[in-house]
Amino acid sequence: MSPKHRPSAHALKEYHRRRDFSRTEEPRGEDEAAAPGGPPSFVVQIHDATALHFDFRLEVDGVLRSWAVPKGPSADPQDKRLAMPTEDHPLEYRAFEGVIAPGEYGAGTVIVWDEGTYRNLSEDRHGKEVPFAEALDAGHASFWLDGRKLHGGFALTRIRGDGTGREAWLLVKRADRRARADDGGTDPHRARSARTGRTLRQVAGSTS
């Protein structure tokens with residue numbers, strides 16, 4: 001991927017199809033990627049939509065590959081979290097925080113719960129690094145997160161579907177020095193934005 005890579009129109013086709021940008025303040029995804037040289041980014045957003053959930057997003061090939069994680073990431077390796085893939089999002093979505101208008105796809109409040117960078121840990125059976133996009137396409141990718149709240153190794157593993165139907169994945173913490181047993185999880189209603197320190201209620205109230 002070039003430093004100023006712009007995703008193809010096809011990459012964000014589903015994202016654009018679902019949104020009316022005259023009614024939502026979500027980014028269109030028309031800006032170029034960030035400056036060269038830095039590691040790829042990740043973001044975890046809390047989304048108080050029809051069903052309150054966490055959105056886990058990893059920068060891959062100029063877009064944010066995205067999964068809805070109902071209970072959010074866990075630091076306990078024994079706590080396997082269901083992750084349902086959603087459409088790719090533009091890189092600008094990393095900074096999105098606000099209220100998606102009623103009647104729009106995903107209507108509800110969004111805050112940035114965590115953000116940071118990651119590095120690829122995916123390897124084949126011989127210990128050779130596998131490009132991250134290839135690892136995801138194959139159904140298993142390992143990575144190290146350096147966020148404000150999330151740290152250490154994680155893995156995403158596809159447990160149902162092969163890209164032709166409704167997929168299901170598991171997001172699991174690796175057993176490393178940053179693991180914590182019996183992680184109690186995060187109360188999304190009390191959680192604060194990693195960017196602004198605001199709660200869901202405060203963000204919703206600021207736009208009412």
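See the structure printed just above.
Residues numbered from 1 in each chain as written. Predicted model: local features only at pLDDT ≥ 70, side-chain atom pairs only at ≥ 80, totals over all residues. Heavy atoms only, no water.

1. A short note on the pattern of salt bridges
No. 1: Tallied over the entire structure, the rule returns 15 salt bridges.
No. 2: Among the charged side chains, a salt-bridge network with shared partners connects E14, R17, R18, R19, E26 and E87. (Salt bridge = Lys/Arg side-chain N within 4 Å of Asp/Glu carboxyl O.)

2. Here's the deal with the pairing of strand β8 (residues 151–160)
No. 1: As defined by bridge partners, strand β7 (residues 140–147) adjoins β8 across 7 bridges and the pair is classed as antiparallel. Pairing of S142 across the sheet is with A155, part of β8.
No. 2: The loop that links β7 with its antiparallel partner β8 comprises 3 residues.
No. 3: In this sheet, strand β9 (residues 168–173) lies alongside β8 in antiparallel orientation, the contact comprising 6 bridges. Its bridge partner lying in β9, R158 is registered against W169. (Pairing = 2+ DSSP bridges. Helix = DSSP H or I, 4+ residues; strand = E, 2+ residues; numbered from the N terminus.)

3. With respect to the side chain of D55
No. 1: Turning to its location among the elements, D55 is positioned in strand β2 (residues 52–60).
No. 2: Contacts of D55, omitting those with residues within four sequence positions, involve V43, V44, Q45, H47, W67 and A68. (Contact = heavy atoms within 4.5 Å.)

4. Here's the deal with unusual backbone geometry
No. 1: Phi at D61 is positive, roughly 55 degrees, even though this residue is not glycine.
No. 2: With respect to the helices, strands and loops of the structure, D61 is situated in the loop between β2 and β3 (63–69).
No. 3: By relative accessible area, D61 is classed as partly exposed at 48%. (Buried < 20%, exposed > 50% of the residue type's maximum accessible area, 1.4 Å probe, protein only.)

5. Quick word on the nonpolar core
Generally speaking, a soluble globular protein has its nonpolar side chains buried in company with each other.
No. 1: Ranked by size, the top nonpolar core spans 29 residues in total, and within it F56, L58, F143, L145 and L156 carry the most contacts.
No. 2: One finds L12, V43, F96 and V112 within the second-largest nonpolar core, a separate group that totals 12 residues. (Core = buried A, V, L, I, M, F, W, Y, C linked by side-chain atoms within 4.5 Å.)

6. What about the environment of I159?
No. 1: Mapping I159 onto the fold places it in strand β8.
No. 2: The sequence separation of I159 and A83 amounts to 76 residues, and the corresponding C-alpha distance is 9.9 Å.
No. 3: Sequence-distant contacts of I159, defined by excluding residues within four places in its chain, comprise A168, W169 and L170.

7. A closer look at the packing of aromatic side chains
No. 1: A full pass over the atoms with the stated rule returns 11 aromatic pairs.
No. 2: For the ring pair Y15 and F21, a centre distance of 6.0 Å and an interplane angle of 45 degrees mean the geometry is tilted. Accessibility assignment for this pair places Y15 and F21 in one class, buried.
No. 3: With a centroid separation of 6.3 Å and 75 degrees between ring planes, the pair formed by Y118 and F143 is classed as edge-to-face. Here F143 lies in strand β7 and Y118 lies in strand β6 (residues 108–120), a separation of 25 residues in the sequence.
No. 4: One aromatic cluster in this structure is built from F42, F56, Y118, F132, F143 and F154.
No. 5: A cation sits over an aromatic face here: K173 above F154, 5.2 Å from the ring centre. (Phe/Tyr/Trp six-rings, centres within 6.5 Å; stacked < 30°, edge-to-face > 60°. Lys NZ or Arg CZ within 6 Å of the ring centre and 35° of its normal.)

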